[in-house]
Amino acid sequence: MLDQHFMIDKEVLVRIVNIADLNREDNVLEIGPGEGALTEYILKIVKRVYAIEKDEKFVKVLQEKFGDNKNITFSFANAMEMNFPACNKCVSNLPYTLCESLLWKFTRYPSYEMLVFTVPKKFTMALTGEKKSRLKLLVDIFYNIEVFDDIPPEAFNPPPKVVSSIIRLTPKENGNFFLRELFKQYDKKTKNALRDILMKTGLNKRDAAMKVQLNLRPQLQNKSVMHLSMDEVQEVIKGFVGE
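Residues numbered from 1 in each chain as written. Predicted model: local features only at pLDDT ≥ 70, side-chain atom pairs only at ≥ 80, totals over all residues. Heavy atoms only, no water.

1. Quick word on the packing of helix α7 (residues 177–184) against helix α8 (residues 190–200)
For the record, the criterion: To get an axis, fit a line to the C-alpha atoms, keeping to the stretch in contact for a helix; angles then go from 0 to 180 degrees between the N-to-C directions. Runs of E in the DSSP output that reach at least two residues are strands. Runs of H or I that reach at least four are helices, and both are numbered from the N terminus. Oblique is the label for any angle not under 35 degrees, not over 145, and not in the 65 to 115 range, which are roughly parallel, roughly antiparallel and roughly perpendicular in turn. A crossing counts as left-handed when the near helix is turned anticlockwise from the far one by less than a right angle, and as right-handed when that turn is clockwise. Any two residues whose heavy atoms approach within 4.5 Å are treated as being in contact.
Packing of α7 against α8 leaves a shortest axis separation of 9 Å and a crossing angle of 135 degrees. In terms of orientation, α7 lies oblique with respect to α8. Between α7 and α8 lies a crossing of right-handed hand. Contacts between α7 and α8 involve Phe177, Phe178, Glu181 and Leu182 on the former and, on the latter, Ala193, Leu194, Ile197 and Lys200.

Quick look at the structure:
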């Protein structure tokens, strides 16, 4: 069963659109439109909407609701398994199980100038809290974050078990080269990500691979970047950048 909770509160839907500061020139990606409640509000304003929906039970609903509208394109697929279209904003009530994975994925899409998401409040607190974590480090490296309204469960159907919140993310243009390059390769084995970073600094492939073998303990070499713990990330930093 897919983890989807669909917004039904019209005031909140309008609020999300306002936070996204939409205009007639925007090309907007929406992930997980469900029955298209938010889609309908976005489509009234923007140039084009690209909607990605994985759940097949909504295919007919969406096609009947928006089938005659030439300004919307649907992809019935898994958002984590496809290339995103060339848009400048993403506005979505995210499937809650995909929140973290999508933040990693958007690091590879610099054309997106704004991400407006409804996410669990607990997830928001992990992004903004004082406690060091891999997720907070990801946000600190790539995004400016603003937190808006808390959304009660009854604003959704079916209601989630948690309070949600609306967040707005805008990309940071500059930051630590090593960490940005490492995290952009989130789905690679750590040894391969580090090898590629070293090659960008001028080492040939053989020498880069050798340096990784010497500086990275075997237990971390085949672990994907996004599954490194915070302590392991700090270990990698110390081994390849220094204190």
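After that view of the structure, there is still more to cover.
2. Describing the environment of Asn69
Filter applied, for reference: Here the term buried applies to any residue with accessible area under 20% of the maximum for its type, exposed to any over 50%, and partly exposed to those in between, with areas from a 1.4 Å probe on protein chains only. Polar contacts here mean pairs of N or O atoms no more than 3.5 Å apart (in protein, one a potential hydrogen donor and the other a potential acceptor; neighbouring residues in sequence count only if both atoms are side-chain atoms).
When you line up the elements, Asn69 lands in the loop between α3 (59–66) and β4 (72–75). With relative accessibility at 30%, the residue Asn69 sits in the partly exposed group. Here Asn71 takes part through its backbone nitrogen, which lies 2.8 Å from a polar atom of the side chain of Asn69.

3. A look at the nonpolar core
Filter applied, for reference: The nonpolar core is taken to be a set of buried Ala, Val, Leu, Ile, Met, Phe, Trp, Tyr and Cys residues, with the residues joined through side-chain atoms within 4.5 Å.
Judged by nonpolar contacts, the single largest core of 80 residues is most densely connected at Phe84, Leu103, Phe106, Phe117 and Phe183. Here the element with the most residues in this core is helix α6 (residues 134–142); it accounts for six residues. With residues up to four places along the chain from it excluded, the contact list for Phe106 reads Leu29, Ile31, Phe84, Cys90, Tyr112, Leu115, Phe117 and Tyr143.

4. Regarding the packing of α6 against α7
Helix-helix packing is described using two parameters, namely the angle between the two axes and the distance between the axes. The interhelical angle for the contact between α6 and α7, taken along N-to-C directions, is 115 degrees, at an axis separation of 10 Å. Judged by the sense of rotation from one axis to the other, the crossing of α6 with α7 is left-handed. Within the contact between the two elements, α6 uses Arg134, Leu137, Leu138, Ile141 and Phe142 and α7 uses Leu179, Arg180, Phe183 and Lys184.

5. Focus on the state of the cysteines
Heads up, the rule is: The rule for a disulfide is simple: a pair of cysteine sulfur atoms within 2.5 Å.
Summed over the entire model, instances satisfying the criterion amount to zero disulfides. The thiol of Cys87 is not disulfide-bonded; the next cysteine sulfur, from Cys90, is found 8.1 Å away. With no disulfide of its own, Cys99 lies closest to Cys90 among cysteine sulfurs, the gap being 11 Å. By relative accessible area, Cys99 is classed as buried at 1%.

6. Some thoughts on unusual backbone geometry
For the peptide bond that leads from Asn157 to Pro158, omega is -5 degrees, which places it in the cis range. Residue placement: Pro158 occurs in the loop between β8 (156–157) and β9 (164–171). Positive phi, close to 50 degrees, is recorded for Asp21, a residue that is not glycine. The topology assignment puts Asp21 in the loop between α1 (10–19) and β2 (27–31). A relative accessible area of 52% places Asp21 in the exposed class.

7. Describing the pairing of strand β6 (residues 114–120)
Put simply, the rule reads: Only strands that DSSP links by at least two bridges are regarded as paired with each other. Orient the strands so they point away from the viewer, and a crossover whose first-strand-to-second-strand path over the helix runs clockwise is right-handed.
Burial runs high along β6: seven of the seven residues are buried. Sheet topology note: the strand β5 (residues 89–93)/β6 ladder contains five bridges and is parallel. Across the sheet, Val91 pairs through a bridge with Val116, a residue of β6. What joins β5 to β6 is helix α4 (residues 99–106), and the crossover it makes is right-handed.

8. Examining the pattern of salt bridges
Opposite charge on two side chains allows them to pair when their charged atoms are near. Quick reminder of the rule: Counted as salt bridges are all cases of a side-chain nitrogen of Lys or Arg within 4 Å of a carboxyl oxygen of Asp or Glu.
By the definition in use, this model includes 14 salt bridges. Note that Lys121 is salt-bridged to Asp150, the shortest N-O span being 2.8 Å. On the criterion of sequence distance, the pair formed by Lys121 in helix α5 (residues 121–128) and Asp150 in strand β7 (residues 143–151) is long-range, its members being 29 residues apart. Residue classification places Lys121 among the partly exposed positions, given a relative accessible area of 32%. On the basis of relative accessible area, Asp150 is assigned to the partly exposed category, the value being 43%. One network of salt bridges, with partners in common, ties together Lys188, Arg195 and Asp196.

9. Points about the side chain of Ser164
Positionally, Ser164 belongs in strand β9. Looking at Ser164, the relative accessible area reads 0%, which means it is buried. Here the side chain of Ser164 touches Tyr96 through a polar contact of 2.4 Å, side chain to side chain. Setting aside residues up to four positions removed in sequence, Ser164 forms contacts with Tyr96, Thr118, Val119, Pro120, Lys121, Asp149, Asp150, Ile151 and Phe156.

10. Here we look at the environment of Ser224
Positionally, Ser224 belongs in the loop between α10 (218–221) and α11 (230–240). The spatial distance from the C-alpha of Ser224 to the C-alpha of Val116 is 27 Å, given a sequence separation of 108 residues. Not counting chain neighbours up to four residues away, the residues in contact with Ser224 comprise Tyr186, Lys188, Lys189 and Thr190. Only 2.7 Å separates the side chain of Ser224 from the side chain of His227, close enough to count as a polar contact.

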